[in-house]
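# Descriptive analysis of the structure
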Amino acid sequence: MSLVRSSVGLASFAAPRQSRWSLQAARMFSSSSSRSKQRLVILGSGWGGYEVLRSIDKKRWNVTVVSPTNAFNFTPLLASCAVGTLEFRCAVEPVRKFSPQVMPATPPLPFEHPPPSPIEGTATKTEFHVTGTPFTMRYDKLVIAVGAYSQTFNVPGVKEHAHFLKDVRDARAIRGRIIECFEQANQPILSDIQRRNLLNFCITTLTRAMNTFMMFTGGGPTGVEFSAELHDLLHAEIERHYPSLARLAKITLYDVAPNILGSFDKSLGSYAEEKFRRDGISIKTRHHVERVEQDRMFVKEQGEVPFGLLVWSTGLAPNPLIQSIDCIEKHEKSESLFTDANLNVIMKDGQIDPDVWAIGDAATIKTEVLPATAQVANQKAKYLVKKLNKIVKDQEHTKPFEFHNQGSLAYLGDCPFPLMQAYRKAIYDRSTADSGIKAKETGRLAWLLWRSAYFTMTLSVRNKILVPMYWFLNWIFGRDLTRF
(Lines give C-alpha, C1' and ligand atoms only; values in the text may rest on other atoms or scores of the structure.)
Protein backbone atom coordinates (compact mmCIF):
# COMPACT_ATOMS: atom_id res chain seq x y z
CA MET A 1 0.00 0.00 0.00
CA SER A 2 1.27 3.49 -0.83
CA LEU A 3 0.21 6.69 0.84
CA VAL A 4 0.07 9.96 -1.06
CA ARG A 5 -1.31 13.30 -0.03
CA SER A 6 -4.34 13.06 -2.28
CA SER A 7 -5.35 9.47 -1.62
CA VAL A 8 -4.66 6.43 0.49
CA GLY A 9 -4.89 2.79 -0.54
CA LEU A 10 -6.69 0.47 1.81
CA ALA A 11 -7.08 -3.27 1.85
CA SER A 12 -9.15 -3.44 5.02
CA PHE A 13 -7.88 -3.71 8.58
CA ALA A 14 -8.57 -7.39 8.56
CA ALA A 15 -5.56 -9.43 7.49
CA PRO A 16 -5.06 -9.40 3.71
CA ARG A 17 -6.05 -13.04 3.51
CA GLN A 18 -9.14 -12.15 5.51
CA SER A 19 -10.26 -9.51 3.04
CA ARG A 20 -13.55 -9.58 1.28
CA TRP A 21 -13.52 -6.07 -0.04
CA SER A 22 -10.78 -3.79 -1.17
CA LEU A 23 -10.73 -0.14 -0.40
CA GLN A 24 -8.82 2.33 -2.55
CA ALA A 25 -8.67 5.33 -0.56
CA ALA A 26 -10.23 8.37 -2.40
CA ARG A 27 -13.37 9.85 -1.08
CA MET A 28 -16.54 10.19 -3.11
CA PHE A 29 -19.57 10.76 -1.00
CA SER A 30 -22.78 12.71 -1.39
CA SER A 31 -22.58 16.18 -2.82
CA SER A 32 -24.31 17.43 0.31
CA SER A 33 -20.95 17.47 2.09
CA SER A 34 -19.65 20.97 2.46
CA ARG A 35 -16.94 21.61 -0.12
CA SER A 36 -15.46 24.36 2.05
CA LYS A 37 -14.49 21.91 4.77
CA GLN A 38 -11.20 20.09 4.74
CA ARG A 39 -11.51 16.32 4.45
CA LEU A 40 -10.24 14.36 7.45
CA VAL A 41 -10.04 10.59 7.08
CA ILE A 42 -9.56 8.49 10.23
CA LEU A 43 -8.47 4.88 9.80
CA GLY A 44 -9.64 2.85 12.78
CA SER A 45 -12.16 3.17 15.60
CA GLY A 46 -10.10 2.01 18.57
CA TRP A 47 -8.70 3.98 21.49
CA GLY A 48 -6.95 6.41 19.16
CA GLY A 49 -9.32 6.71 16.22
CA TYR A 50 -12.49 6.83 18.29
CA GLU A 51 -11.17 9.57 20.56
CA VAL A 52 -10.24 11.69 17.52
CA LEU A 53 -13.72 11.15 16.05
CA ARG A 54 -15.41 11.91 19.35
CA SER A 55 -13.60 15.15 20.09
CA ILE A 56 -12.76 16.64 16.69
CA ASP A 57 -14.61 19.80 15.66
CA LYS A 58 -17.01 18.24 13.18
CA LYS A 59 -18.47 21.62 12.28
CA ARG A 60 -15.14 22.58 10.72
CA TRP A 61 -13.90 19.19 9.49
CA ASN A 62 -15.57 16.91 6.95
CA VAL A 63 -14.88 13.67 8.83
CA THR A 64 -14.87 10.11 7.50
CA VAL A 65 -14.01 7.02 9.53
CA VAL A 66 -12.92 3.78 7.88
CA SER A 67 -13.10 0.80 10.22
CA PRO A 68 -13.79 -2.96 10.18
CA THR A 69 -16.52 -2.38 12.78
CA ASN A 70 -19.04 0.32 13.54
CA ALA A 71 -18.31 0.34 17.27
CA PHE A 72 -15.56 1.17 19.73
CA ASN A 73 -14.64 -1.63 22.15
CA PHE A 74 -13.99 -0.52 25.73
CA THR A 75 -11.36 -3.21 26.29
CA PRO A 76 -10.96 -2.93 30.11
CA LEU A 77 -14.50 -4.31 30.52
CA LEU A 78 -14.19 -7.24 28.10
CA ALA A 79 -13.06 -9.67 30.80
CA SER A 80 -16.16 -8.86 32.83
CA CYS A 81 -18.36 -9.31 29.77
CA ALA A 82 -16.78 -12.68 29.01
CA VAL A 83 -18.04 -14.16 32.30
CA GLY A 84 -21.39 -12.35 32.53
CA THR A 85 -20.50 -9.77 35.18
CA LEU A 86 -21.47 -7.14 32.62
CA GLU A 87 -23.51 -7.40 29.45
CA PHE A 88 -21.85 -6.86 26.09
CA ARG A 89 -23.51 -3.48 25.43
CA CYS A 90 -21.59 -2.06 28.38
CA ALA A 91 -18.28 -2.49 26.55
CA VAL A 92 -19.16 -0.93 23.18
CA GLU A 93 -19.80 2.59 21.95
CA PRO A 94 -21.44 3.09 18.53
CA VAL A 95 -19.32 5.02 16.03
CA ARG A 96 -22.15 6.33 13.86
CA LYS A 97 -23.59 8.54 16.57
CA PHE A 98 -20.75 10.97 15.80
CA SER A 99 -20.63 10.76 12.04
CA PRO A 100 -23.02 9.61 9.32
CA GLN A 101 -20.11 8.76 7.05
CA VAL A 102 -18.52 5.67 8.55
CA MET A 103 -17.14 3.32 5.94
CA PRO A 104 -17.21 -0.37 6.91
CA ALA A 105 -14.21 -2.36 5.83
CA THR A 106 -14.38 -6.10 5.40
CA PRO A 107 -15.52 -8.63 7.99
CA PRO A 108 -12.86 -11.21 8.90
CA LEU A 109 -12.63 -14.39 6.91
CA PRO A 110 -11.12 -17.71 8.07
CA PHE A 111 -7.36 -17.66 8.53
CA GLU A 112 -6.80 -20.56 6.17
CA HIS A 113 -7.89 -18.64 3.08
CA PRO A 114 -4.99 -18.10 0.63
CA PRO A 115 -3.44 -14.63 0.62
CA PRO A 116 -4.40 -12.24 -2.14
CA SER A 117 -2.07 -11.07 -4.86
CA PRO A 118 0.37 -8.25 -4.10
CA ILE A 119 -0.51 -4.60 -4.02
CA GLU A 120 0.02 -2.61 -7.19
CA GLY A 121 -0.24 1.13 -7.56
CA THR A 122 0.89 4.46 -8.88
CA ALA A 123 1.43 7.78 -7.21
CA THR A 124 -2.27 8.60 -7.29
CA LYS A 125 -4.04 5.27 -7.23
CA THR A 126 -3.50 2.05 -5.38
CA GLU A 127 -5.12 -1.29 -6.15
CA PHE A 128 -5.45 -4.39 -4.02
CA HIS A 129 -6.55 -7.37 -6.08
CA VAL A 130 -9.11 -9.12 -3.92
CA THR A 131 -12.78 -9.89 -4.36
CA GLY A 132 -15.13 -6.97 -4.17
CA THR A 133 -15.31 -3.57 -5.82
CA PRO A 134 -12.52 -1.08 -5.08
CA PHE A 135 -13.25 2.60 -4.63
CA THR A 136 -11.31 5.79 -4.11
CA MET A 137 -11.25 8.03 -1.05
CA ARG A 138 -9.59 11.43 -1.09
CA TYR A 139 -8.31 13.25 1.97
CA ASP A 140 -6.68 16.49 3.02
CA LYS A 141 -5.53 15.14 6.39
CA LEU A 142 -5.14 11.49 7.36
CA VAL A 143 -5.00 9.84 10.79
CA ILE A 144 -3.75 6.24 10.87
CA ALA A 145 -5.05 4.54 14.02
CA VAL A 146 -5.69 0.96 12.91
CA GLY A 147 -4.27 -0.67 16.04
CA ALA A 148 -2.67 -4.10 16.14
CA TYR A 149 -3.59 -7.78 16.14
CA SER A 150 -3.06 -10.47 18.76
CA GLN A 151 0.45 -11.90 18.76
CA THR A 152 0.67 -15.66 18.19
CA PHE A 153 4.46 -15.95 17.83
CA ASN A 154 3.69 -18.27 14.90
CA VAL A 155 2.75 -21.06 17.31
CA PRO A 156 0.94 -23.65 15.17
CA GLY A 157 -2.77 -24.02 15.87
CA VAL A 158 -3.29 -20.87 17.96
CA LYS A 159 -5.45 -19.08 15.40
CA GLU A 160 -7.60 -22.15 14.85
CA HIS A 161 -8.07 -23.44 18.41
CA ALA A 162 -7.50 -20.55 20.85
CA HIS A 163 -9.74 -17.66 21.84
CA PHE A 164 -8.51 -14.07 21.85
CA LEU A 165 -9.95 -11.21 23.90
CA LYS A 166 -9.76 -8.12 21.69
CA ASP A 167 -13.42 -7.19 21.18
CA VAL A 168 -16.99 -7.99 22.23
CA ARG A 169 -17.29 -10.81 19.70
CA ASP A 170 -14.36 -12.54 21.39
CA ALA A 171 -15.94 -12.03 24.82
CA ARG A 172 -19.21 -13.51 23.60
CA ALA A 173 -17.46 -16.57 22.14
CA ILE A 174 -15.56 -17.13 25.39
CA ARG A 175 -18.70 -16.79 27.49
CA GLY A 176 -20.51 -19.35 25.34
CA ARG A 177 -17.60 -21.76 25.49
CA ILE A 178 -17.34 -21.58 29.29
CA ILE A 179 -20.99 -22.60 29.69
CA GLU A 180 -20.61 -25.22 26.97
CA CYS A 181 -17.73 -26.83 28.89
CA PHE A 182 -19.92 -27.32 31.96
CA GLU A 183 -22.94 -28.48 29.97
CA GLN A 184 -20.85 -31.12 28.20
CA ALA A 185 -19.22 -32.21 31.43
CA ASN A 186 -22.68 -32.60 32.99
CA GLN A 187 -23.87 -35.17 30.44
CA PRO A 188 -24.72 -38.48 32.22
CA ILE A 189 -23.78 -40.60 29.19
CA LEU A 190 -20.10 -39.72 29.48
CA SER A 191 -17.74 -42.06 31.23
CA ASP A 192 -15.05 -40.70 33.49
CA ILE A 193 -12.44 -41.36 30.80
CA GLN A 194 -14.44 -39.41 28.23
CA ARG A 195 -14.83 -36.52 30.66
CA ARG A 196 -11.10 -36.49 31.31
CA ASN A 197 -10.34 -36.47 27.60
CA LEU A 198 -13.04 -33.97 26.67
CA LEU A 199 -12.70 -31.54 29.56
CA ASN A 200 -9.17 -32.24 30.73
CA PHE A 201 -9.24 -33.83 34.17
CA CYS A 202 -6.09 -33.12 36.13
CA ILE A 203 -4.82 -36.03 38.10
CA THR A 204 -3.21 -34.33 41.06
CA THR A 205 -4.22 -34.16 44.72
CA LEU A 206 -7.73 -32.73 45.07
CA THR A 207 -8.07 -32.02 41.35
CA ARG A 208 -7.26 -35.46 39.99
CA ALA A 209 -10.94 -35.91 39.08
CA MET A 210 -11.01 -32.50 37.42
CA ASN A 211 -13.64 -32.02 34.77
CA THR A 212 -12.97 -28.61 33.37
CA PHE A 213 -9.65 -26.99 32.67
CA MET A 214 -9.47 -23.35 31.61
CA MET A 215 -6.08 -22.20 30.44
CA PHE A 216 -4.65 -18.73 29.83
CA THR A 217 -1.46 -17.81 28.06
CA GLY A 218 -0.08 -14.42 28.95
CA GLY A 219 0.44 -13.08 32.46
CA GLY A 220 -0.25 -9.48 31.51
CA PRO A 221 -3.19 -7.48 32.89
CA THR A 222 -5.68 -8.92 30.37
CA GLY A 223 -4.91 -12.56 31.17
CA VAL A 224 -4.69 -11.84 34.90
CA GLU A 225 -7.99 -9.94 35.04
CA PHE A 226 -9.80 -12.58 33.02
CA SER A 227 -8.45 -15.33 35.29
CA ALA A 228 -9.75 -13.38 38.30
CA GLU A 229 -13.16 -12.81 36.69
CA LEU A 230 -13.47 -16.49 35.83
CA HIS A 231 -12.50 -17.45 39.38
CA ASP A 232 -15.35 -15.25 40.63
CA LEU A 233 -17.77 -17.01 38.27
CA LEU A 234 -16.64 -20.49 39.31
CA HIS A 235 -17.02 -19.77 43.01
CA ALA A 236 -20.39 -18.08 42.72
CA GLU A 237 -22.88 -19.07 40.01
CA ILE A 238 -21.08 -22.20 38.79
CA GLU A 239 -20.76 -23.49 42.34
CA ARG A 240 -24.47 -22.90 42.85
CA HIS A 241 -25.72 -24.42 39.60
CA TYR A 242 -23.04 -27.07 38.91
CA PRO A 243 -22.01 -28.07 42.45
CA SER A 244 -20.44 -31.38 41.43
CA LEU A 245 -18.38 -29.77 38.68
CA ALA A 246 -17.36 -26.44 40.19
CA ARG A 247 -14.98 -28.05 42.68
CA LEU A 248 -13.33 -29.91 39.80
CA ALA A 249 -12.63 -26.84 37.68
CA LYS A 250 -9.17 -25.37 37.52
CA ILE A 251 -7.61 -22.21 36.15
CA THR A 252 -3.99 -22.22 35.04
CA LEU A 253 -2.12 -19.07 34.03
CA TYR A 254 0.91 -19.55 31.78
CA ASP A 255 3.65 -17.02 31.11
CA VAL A 256 7.06 -17.28 29.45
CA ALA A 257 8.40 -14.58 31.79
CA PRO A 258 9.70 -15.31 35.31
CA ASN A 259 6.78 -13.41 36.87
CA ILE A 260 3.30 -12.26 35.91
CA LEU A 261 2.38 -8.58 35.60
CA GLY A 262 5.88 -7.59 34.61
CA SER A 263 4.78 -4.02 33.84
CA PHE A 264 3.78 -3.49 37.49
CA ASP A 265 5.99 -2.91 40.48
CA LYS A 266 7.60 -6.17 41.53
CA SER A 267 5.95 -6.17 44.96
CA LEU A 268 2.51 -5.84 43.36
CA GLY A 269 3.25 -8.73 41.01
CA SER A 270 4.24 -10.87 43.99
CA TYR A 271 1.05 -9.85 45.80
CA ALA A 272 -1.01 -10.95 42.79
CA GLU A 273 0.80 -14.29 42.57
CA GLU A 274 0.28 -14.96 46.28
CA LYS A 275 -3.43 -14.18 46.06
CA PHE A 276 -3.91 -16.36 42.99
CA ARG A 277 -2.21 -19.29 44.66
CA ARG A 278 -4.44 -18.87 47.71
CA ASP A 279 -7.45 -18.85 45.38
CA GLY A 280 -6.31 -22.04 43.70
CA ILE A 281 -5.27 -20.45 40.41
CA SER A 282 -2.18 -22.25 39.19
CA ILE A 283 0.61 -20.03 37.88
CA LYS A 284 3.19 -21.55 35.58
CA THR A 285 5.92 -19.12 34.64
CA ARG A 286 8.82 -19.86 32.28
CA HIS A 287 6.57 -22.19 30.30
CA HIS A 288 6.56 -22.25 26.50
CA VAL A 289 3.68 -23.38 24.32
CA GLU A 290 5.01 -25.24 21.27
CA ARG A 291 1.77 -25.96 19.42
CA VAL A 292 -1.98 -26.07 19.91
CA GLU A 293 -4.38 -28.70 18.62
CA GLN A 294 -8.08 -29.33 19.09
CA ASP A 295 -8.73 -29.48 22.88
CA ARG A 296 -5.06 -29.81 23.75
CA MET A 297 -1.77 -27.96 23.60
CA PHE A 298 1.85 -29.01 23.93
CA VAL A 299 3.98 -27.21 26.48
CA LYS A 300 7.74 -27.60 26.35
CA GLU A 301 8.04 -28.02 30.13
CA GLN A 302 4.96 -30.25 30.58
CA GLY A 303 4.22 -32.09 27.40
CA GLU A 304 0.62 -32.59 26.28
CA VAL A 305 -1.92 -30.53 28.20
CA PRO A 306 -5.65 -30.93 27.37
CA PHE A 307 -7.99 -28.01 27.90
CA GLY A 308 -11.61 -27.01 27.61
CA LEU A 309 -10.92 -23.37 26.82
CA LEU A 310 -7.72 -21.67 25.76
CA VAL A 311 -7.62 -17.89 25.96
CA TRP A 312 -4.57 -16.41 24.25
CA SER A 313 -3.43 -13.00 25.47
CA THR A 314 0.25 -12.58 24.63
CA GLY A 315 0.77 -9.10 23.28
CA LEU A 316 0.45 -7.41 19.91
CA ALA A 317 1.31 -8.23 16.31
CA PRO A 318 1.46 -5.66 13.49
CA ASN A 319 -1.70 -4.90 11.57
CA PRO A 320 -1.52 -6.25 7.99
CA LEU A 321 -2.41 -2.82 6.65
CA ILE A 322 0.63 -1.36 8.40
CA GLN A 323 2.78 -4.20 7.09
CA SER A 324 1.72 -3.37 3.54
CA ILE A 325 2.91 0.25 3.78
CA ASP A 326 6.37 0.55 2.25
CA CYS A 327 6.89 4.33 1.97
CA ILE A 328 7.00 5.13 5.71
CA GLU A 329 9.86 4.35 8.06
CA LYS A 330 9.07 1.54 10.52
CA HIS A 331 10.33 0.07 13.77
CA GLU A 332 12.57 -2.87 12.99
CA LYS A 333 10.90 -5.32 15.38
CA SER A 334 7.31 -4.20 15.91
CA GLU A 335 6.90 -2.85 12.33
CA SER A 336 4.92 0.08 13.73
CA LEU A 337 5.16 3.36 11.84
CA PHE A 338 7.74 5.85 13.03
CA THR A 339 6.50 9.34 13.85
CA ASP A 340 8.15 12.49 15.10
CA ALA A 341 7.26 14.13 18.41
CA ASN A 342 4.28 15.82 16.72
CA LEU A 343 2.97 12.39 15.65
CA ASN A 344 3.51 13.05 11.91
CA VAL A 345 4.80 10.01 10.02
CA ILE A 346 8.41 9.90 8.91
CA MET A 347 8.89 8.89 5.29
CA LYS A 348 11.71 6.56 4.25
CA ASP A 349 13.68 9.48 2.83
CA GLY A 350 13.58 11.10 6.27
CA GLN A 351 11.02 13.75 5.33
CA ILE A 352 8.06 14.49 7.63
CA ASP A 353 4.61 14.29 6.03
CA PRO A 354 2.68 17.25 7.50
CA ASP A 355 -0.71 15.85 6.47
CA VAL A 356 -0.47 12.30 7.82
CA TRP A 357 -0.40 11.30 11.49
CA ALA A 358 -0.17 7.87 13.11
CA ILE A 359 -1.26 7.06 16.67
CA GLY A 360 -2.02 4.09 18.89
CA ASP A 361 -0.49 0.63 18.57
CA ALA A 362 0.19 1.23 14.87
CA ALA A 363 2.75 3.95 15.60
CA THR A 364 5.89 4.60 17.59
CA ILE A 365 7.58 7.92 18.32
CA LYS A 366 11.09 7.48 16.99
CA THR A 367 12.78 9.38 19.80
CA GLU A 368 10.72 7.98 22.69
CA VAL A 369 9.75 4.42 23.61
CA LEU A 370 6.23 4.23 25.05
CA PRO A 371 4.18 1.19 26.08
CA ALA A 372 1.53 -0.08 23.65
CA THR A 373 -1.40 0.66 25.94
CA ALA A 374 -4.83 2.25 25.67
CA GLN A 375 -3.60 5.06 27.92
CA VAL A 376 -0.91 6.06 25.43
CA ALA A 377 -3.25 5.80 22.43
CA ASN A 378 -5.89 7.90 24.17
CA GLN A 379 -3.45 10.64 25.16
CA LYS A 380 -2.02 10.77 21.64
CA ALA A 381 -5.53 11.12 20.25
CA LYS A 382 -6.36 14.00 22.61
CA TYR A 383 -3.13 15.73 21.65
CA LEU A 384 -3.91 15.26 17.96
CA VAL A 385 -7.45 16.62 18.35
CA LYS A 386 -6.06 19.86 19.79
CA LYS A 387 -3.60 20.09 16.93
CA LEU A 388 -6.19 19.43 14.21
CA ASN A 389 -8.70 21.86 15.70
CA LYS A 390 -6.01 24.57 15.62
CA ILE A 391 -4.88 23.66 12.11
CA VAL A 392 -8.40 24.07 10.75
CA LYS A 393 -8.46 27.56 12.25
CA ASP A 394 -5.05 28.39 10.69
CA GLN A 395 -3.46 28.56 14.12
CA GLU A 396 -0.03 27.16 14.96
CA HIS A 397 0.39 24.12 17.20
CA THR A 398 4.03 23.16 17.42
CA LYS A 399 4.13 21.79 20.96
CA PRO A 400 5.35 18.16 20.86
CA PHE A 401 3.43 15.28 22.39
CA GLU A 402 4.17 14.44 26.01
CA PHE A 403 2.97 11.27 27.68
CA HIS A 404 1.81 11.52 31.30
CA ASN A 405 1.73 8.15 33.00
CA GLN A 406 -1.42 7.90 35.12
CA GLY A 407 -0.60 4.52 36.64
CA SER A 408 -1.89 0.97 36.07
CA LEU A 409 -4.74 -1.10 37.51
CA ALA A 410 -5.50 -4.82 37.59
CA TYR A 411 -8.39 -6.71 39.15
CA LEU A 412 -7.43 -9.80 41.16
CA GLY A 413 -10.75 -11.37 42.16
CA ASP A 414 -13.81 -11.13 44.31
CA CYS A 415 -15.16 -12.94 47.32
CA PRO A 416 -17.85 -15.56 46.54
CA PHE A 417 -20.08 -13.95 49.19
CA PRO A 418 -21.42 -10.61 47.89
CA LEU A 419 -21.72 -8.92 51.28
CA MET A 420 -18.08 -9.57 52.15
CA GLN A 421 -16.72 -6.80 49.97
CA ALA A 422 -13.61 -6.44 52.08
CA TYR A 423 -12.24 -9.51 50.33
CA ARG A 424 -12.40 -7.94 46.87
CA LYS A 425 -8.87 -7.37 45.63
CA ALA A 426 -7.05 -5.34 43.01
CA ILE A 427 -3.69 -3.65 42.58
CA TYR A 428 -2.99 -0.04 41.67
CA ASP A 429 0.48 1.09 40.62
CA ARG A 430 1.31 4.79 40.50
CA SER A 431 4.94 4.36 41.49
CA THR A 432 6.05 5.55 38.03
CA ALA A 433 3.37 8.21 37.54
CA ASP A 434 4.56 11.50 36.07
CA SER A 435 2.41 13.69 38.31
CA GLY A 436 0.44 13.55 41.53
CA ILE A 437 1.00 11.14 44.38
CA LYS A 438 3.32 8.24 43.60
CA ALA A 439 1.91 5.27 45.44
CA LYS A 440 1.10 1.56 45.33
CA GLU A 441 -2.18 0.19 46.60
CA THR A 442 -3.50 -3.33 47.10
CA GLY A 443 -6.66 -4.94 48.40
CA ARG A 444 -10.04 -3.30 48.85
CA LEU A 445 -8.86 0.29 48.35
CA ALA A 446 -7.26 -0.63 45.04
CA TRP A 447 -10.48 -2.42 44.07
CA LEU A 448 -12.50 0.73 44.79
CA LEU A 449 -10.06 2.74 42.68
CA TRP A 450 -10.33 0.11 39.92
CA ARG A 451 -14.12 0.29 39.82
CA SER A 452 -14.30 4.07 40.06
CA ALA A 453 -11.68 4.45 37.32
CA TYR A 454 -13.52 2.19 34.88
CA PHE A 455 -16.80 3.90 35.69
CA THR A 456 -15.42 7.36 34.98
CA MET A 457 -13.60 6.17 31.85
CA THR A 458 -16.79 4.90 30.20
CA LEU A 459 -17.47 7.44 27.50
CA SER A 460 -21.22 7.73 27.00
CA VAL A 461 -23.94 8.64 29.48
CA ARG A 462 -25.73 5.42 28.49
CA ASN A 463 -22.81 3.25 29.62
CA LYS A 464 -22.26 5.33 32.74
CA ILE A 465 -25.76 4.17 33.66
CA LEU A 466 -25.53 0.61 32.33
CA VAL A 467 -22.22 -0.36 33.97
CA PRO A 468 -23.16 0.37 37.62
CA MET A 469 -26.66 -0.97 36.96
CA TYR A 470 -25.30 -4.36 35.85
CA TRP A 471 -22.82 -4.38 38.73
CA PHE A 472 -25.80 -3.92 41.06
CA LEU A 473 -27.96 -6.54 39.28
CA ASN A 474 -25.07 -9.02 39.41
CA TRP A 475 -24.66 -8.36 43.13
CA ILE A 476 -28.38 -9.02 43.73
CA PHE A 477 -29.26 -11.76 41.24
CA GLY A 478 -25.92 -13.21 40.13
CA ARG A 479 -24.56 -13.70 36.63
CA ASP A 480 -26.65 -15.00 33.77
CA LEU A 481 -25.56 -18.47 32.65
CA THR A 482 -27.61 -18.50 29.46
CA ARG A 483 -25.76 -19.77 26.38
CA PHE A 484 -26.95 -18.20 23.13
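In this report, the structure presented in the accompanying data block is examined. Everything quoted here is computed from the prediction, not taken from an experiment.

Helix α10 (residues 374-391) packs onto helix α1 (residues 47-55) with a crossing angle of 35 degrees between their chain directions and a minimal axis gap of 8 Å. Crossing of α1 over α10 shows right-handed handedness. Here α1 contributes W47, G48, E51, V52 and S55 to the contact with α10, which in turn contributes A374, A377, N378, A381, K382, L384, V385, L388 and N389. Residue composition of the contact of α1 with α10, by class: 8 nonpolar, 4 polar and 2 charged.

Before going further, it helps to spend a moment on the pattern of salt bridges. Considering all chains together, one arrives at 18 salt bridges under this definition. Note that R54 is salt-bridged to E51, the shortest N-O span being 3.2 Å. Placement of the pair is R54 and E51 together in helix α1, with a separation of 3 residues, close to one helical turn. Judged by relative accessible area, R54 falls into the partly exposed class, the value being 29%. Residue E51 is classed as buried on the basis of its relative accessible area, which comes to 5%. Across the pair R177 and E180 runs a salt bridge, and its minimum N-O distance is 3.0 Å. Highlighted residues: R177 and E180, both in helix α4 (residues 168-185), separated by 3 residues, approximately one helical turn.

Attention now moves to a nonpolar patch on the surface. Together, M469, F472, L473, W475, I476 and F477 line one region of the surface with nonpolar side chains, adding up to about 590 Å² of accessible area. Looking at the secondary structure, you find W475 in helix α12 (residues 461-477).

Now for unusual backbone geometry. Positive phi outside glycine occurs at R286, with the angle close to 55 degrees. At D394, a residue that is not glycine, the phi angle is positive and equals roughly 60 degrees. Position of D394 relative to the elements: it lies in the loop between α10 and β24 (408-413). Residue D394 is classed as exposed on the basis of its relative accessible area of 73%.

For the rest of this paragraph, the subject is empty space enclosed by the protein. This model, assessed by the stated rule, comprises 5 cavities of 30 Å³ or more. In this structure, the largest cavity occupies an estimated 40 Å³ of space. Taken together, F88, R172, R175, G176, I179, T482, R483 and F484 form the lining of the largest cavity. The residue inventory of the lining of the largest cavity, partitioned by class, reads 3 nonpolar, 2 polar and 3 charged.

Judged by side-chain charge, K382, K386, K390, K393 and K399 come together as a positively charged surface patch. Mapped onto the elements of the fold, K399 is located in the loop between α10 and β24.

Turning our attention to the sheet that holds strand β15 (residues 289-293). Here we have 3 strands laid out as an open sheet, ordered β15-β16-β17, and antiparallel in their pairing. The open sheet is flanked by β15 and β17 (303-306), the only strands paired with a single partner. Across the sheet, the axes of successive neighbouring strands diverge by a mean angle of 20 degrees, strand direction being ignored. The pairing of β15 with strand β16 (residues 296-299) spans 4 bridges and is antiparallel. When the sheet's bridge partners are listed, V292 is paired in β16 with M297.

Now for the sheet that holds β24. With respect to topology, 3 strands assemble into an open sheet ordered β24-β25-β26, the strand pairing being antiparallel. The two strands at the open ends of the sheet, each matched to only one other strand, are β24 and β26 (440-442). Each neighbouring strand pair of the sheet contributes to a mean axis angle of 10 degrees, computed without reference to strand direction. Of the strand pairs in this sheet, β24 and strand β25 (residues 425-429) are connected by 5 bridges, and their pairing is antiparallel.

Let us now look at the packing of aromatic side chains. On inspection of all chains with the given rule, the structure shows 7 aromatic pairs. The interplanar angle of 75 degrees and the centroid separation of 5.7 Å between the aromatic rings of Y383 and F401 together place this pair among those described as edge-to-face. One end of the pair, Y383, is in helix α10; the other, F401, is in the loop between α10 and β24, and 18 residues separate them in sequence. Taking the relative accessible area as the measure of exposure, Y383 reaches 9% and is therefore buried. Pairwise contacts between aromatic rings join W47, Y50, F72 and F74 into one cluster. It is K366 that lies over the ring of F338; its NZ or CZ is 5.7 Å from the centre. Sitting above the plane of the W471 ring, R451 keeps its charged end 4.2 Å from the centroid.

So, on to the layout of surface pockets. Roughly 510 Å³ of volume is contained in the second largest pocket. Contributing to the lining of the second largest pocket are 30 residues, with S334, S336, D361, T364 and A372 lying nearest its centre. Mapped onto the lining of the second largest pocket, the elements with two or more residues apiece are β19 (316-318), β23 (363-365) and α10. Broken down by class, the residue content of the lining of the second largest pocket amounts to 15 nonpolar, 10 polar and 5 charged.

Cut-off values and rules
- Residues numbered from 1 in each chain as written.
- Predicted model: local features only at pLDDT ≥ 70, side-chain atom pairs only at ≥ 80, totals over all residues.
- Heavy atoms only, no water.
- Axes fitted to C-alpha atoms, helices over the stretch in contact; angles between N-to-C directions.
- Helix = DSSP H or I, 4+ residues; strand = E, 2+ residues; numbered from the N terminus.
- Left-handed = near helix turned anticlockwise from the far one by under 90°.
- Contact = heavy atoms within 4.5 Å.
- Nonpolar A, V, L, I, M, F, W, Y, C, P; charged D, E, K, R; others polar.
- Salt bridge = Lys/Arg side-chain N within 4 Å of Asp/Glu carboxyl O.
- Buried < 20%, exposed > 50% of the residue type's maximum accessible area, 1.4 Å probe, protein only.
- Patch = residues over 30% accessible without salt bridge, like charges linked within 9 Å, V, L, I, M, F, W, Y side chains within 5 Å.
- Areas by Shrake-Rupley, 256 points an atom, 1.4 Å probe, with all protein chains shown as cover.
- 1 Å grid on protein atoms, 1.4 Å probe; cavity = no way out; pocket = protein on both sides within 12 Å on 5 of 7 lines; lining within 4 Å.
- Points joined across faces, edges and corners; volume = space filled by probe spheres on them.
- Lys, Arg positive; Asp, Glu negative; His and termini not counted.
- Charge placed at Lys NZ, Arg CZ, Asp CG, Glu CD.
- Pairing = 2+ DSSP bridges.
- Phe/Tyr/Trp six-rings, centres within 6.5 Å; stacked < 30°, edge-to-face > 60°.
- Lys NZ or Arg CZ within 6 Å of the ring centre and 35° of its normal.

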